[in-house]
Amino acid sequence: MSGADHDRIAATLAGDNVLMRRFSEAGYDITFFENGWEGSTCPPAADVCVRDGLWAKTIWDLGNLTLLAPVVESRWTHPFTSMAVPQMERLVEITGQDSAAGSPRLIMAHITVPHPPLHLDAACTLSNAPEGRRPLIREPGMTEAEVEARLALFADQTACVNSTVLAAVDGFLEGNPDGIVMITADHGPDSFLQASTNPYEWSQTAITERAAIMSAYRINSACVVSVADSMSPVNGARLVSDCALGGEYAALPDRSYTIPAPGDPIQDVIDLSDAVAPNG
């Protein structure tokens, strides 16, 4: 991976891609949710941009560069989680609305939970308890009891996200009974130290956990398709495009990869597909 590769991926994730252009050219009213992560900013094609909490993120980032870092971390929840709360509330609100222009709508929301830090309980109540602050599920030196406690917090935060997403889908389908929905996760958790170990050394279990993502599709009756358990998000996006706009994208291989962050010491794109358990 070169610097140019990372820049190109960031631009694609932020909306510079064929999917967004196709829907824009087809006259769709596009709502795009930012999330505070630099890889997700509103693209030019967006008609409505739901901005992230940039001010909160800036205060957090600046505070952690100073001697005030312990104070910042003890008094404020991490913006990665806290900024997701108003975004989830807006998601439920916006999906329940009709398009102001009467046009068909595309709503694209990349929200950064249930990813840690784990500040949300199952009822979506925000807490800054010390055990929730860590950015990973498992970190070097943790005991198994600590990891189990972190996994319980992760389950609670996932329950919060599930209830919010289901409410958003229900609101959307109430006004759009033939609407198309694609829900997909980012990556699996890191309870086997995947985030701090060389991917070439991951065990079978670690690979399956990291590469296992949840995807679900709701396709209208006019689009006769089959959705396999092994379908990867790249083919899910092609399915959504074809069902909404017509045309037929040929399916790509359903494969899983790990892609490095810009600062990672190993800059290899690693194909994990053959090691992922069936239906992973």
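The coordinates are above.
Residues numbered from 1 in each chain as written. Predicted model: local features only at pLDDT ≥ 70, side-chain atom pairs only at ≥ 80, totals over all residues. Heavy atoms only, no water.

Caption draft 1: Representation of the sheet that holds strand β2 (residues 48–50). One open sheet holds the 3 strands; their spatial order is β2-β1-β3, and the pairing between them is parallel. Across the chains shown, the open sheet's two edge strands, defined by having one partner strand only, are β2 and β3 (105–109). Each strand of the sheet is rotated relative to its neighbour by a mean of 10°, with strand direction disregarded. Pairing geometry for strand β1 (residues 29–33) and β2, over 3 bridges, is parallel. (Pairing = 2+ DSSP bridges. Helix = DSSP H or I, 4+ residues; strand = E, 2+ residues; numbered from the N terminus. Axes fitted to C-alpha atoms, helices over the stretch in contact; angles between N-to-C directions.)

Caption draft 2: Quick look at the pattern of salt bridges. Scanning the model with the defined rule gives 8 salt bridges in all. A salt bridge links Arg134 to Glu139, with the nearest nitrogen and oxygen atoms 2.7 Å apart. Residue classification places Arg134 among the partly exposed positions, given a relative accessible area of 37%. For Glu144, the salt bridge goes to Arg138, with nearest N and O atoms at 3.1 Å. Taking the relative accessible area as the measure of exposure, Glu144 reaches 48% and is therefore partly exposed. Overlapping salt bridges, with partners in common, bring together Arg255, Asp271 and Asp274 in one network. (Salt bridge = Lys/Arg side-chain N within 4 Å of Asp/Glu carboxyl O. Buried < 20%, exposed > 50% of the residue type's maximum accessible area, 1.4 Å probe, protein only.)

Caption draft 3: A look at the nonpolar core. Phe33, Met88, Leu91, Ile111, Val113 and Leu120 are the most contacted members of the largest nonpolar core, which has 13 residues in total. Looking at this core, the elements that each hand over two or more residues are α6 (84–95) and α7 (144–175). The residues touching Met88, leaving out its near neighbours within four places in the chain, are Ile111, Val113, Leu120, Cys160, Val161 and Thr164. Met20, Phe23, Ile30 and Val240 belong to the second largest nonpolar core, which has 9 residues in total. (Core = buried A, V, L, I, M, F, W, Y, C linked by side-chain atoms within 4.5 Å. Contact = heavy atoms within 4.5 Å.)

Caption draft 4: Structural detail: the packing of aromatic side chains. Under the counting rule described, the total for this entry stands at 1 aromatic pair. Relative to Tyr28, the ring of Phe23 lies with its centre 4.8 Å away and its plane at 85°, an arrangement referred to as edge-to-face. What makes Tyr28 buried here is its relative accessible area of 16%. (Phe/Tyr/Trp six-rings, centres within 6.5 Å; stacked < 30°, edge-to-face > 60°.)

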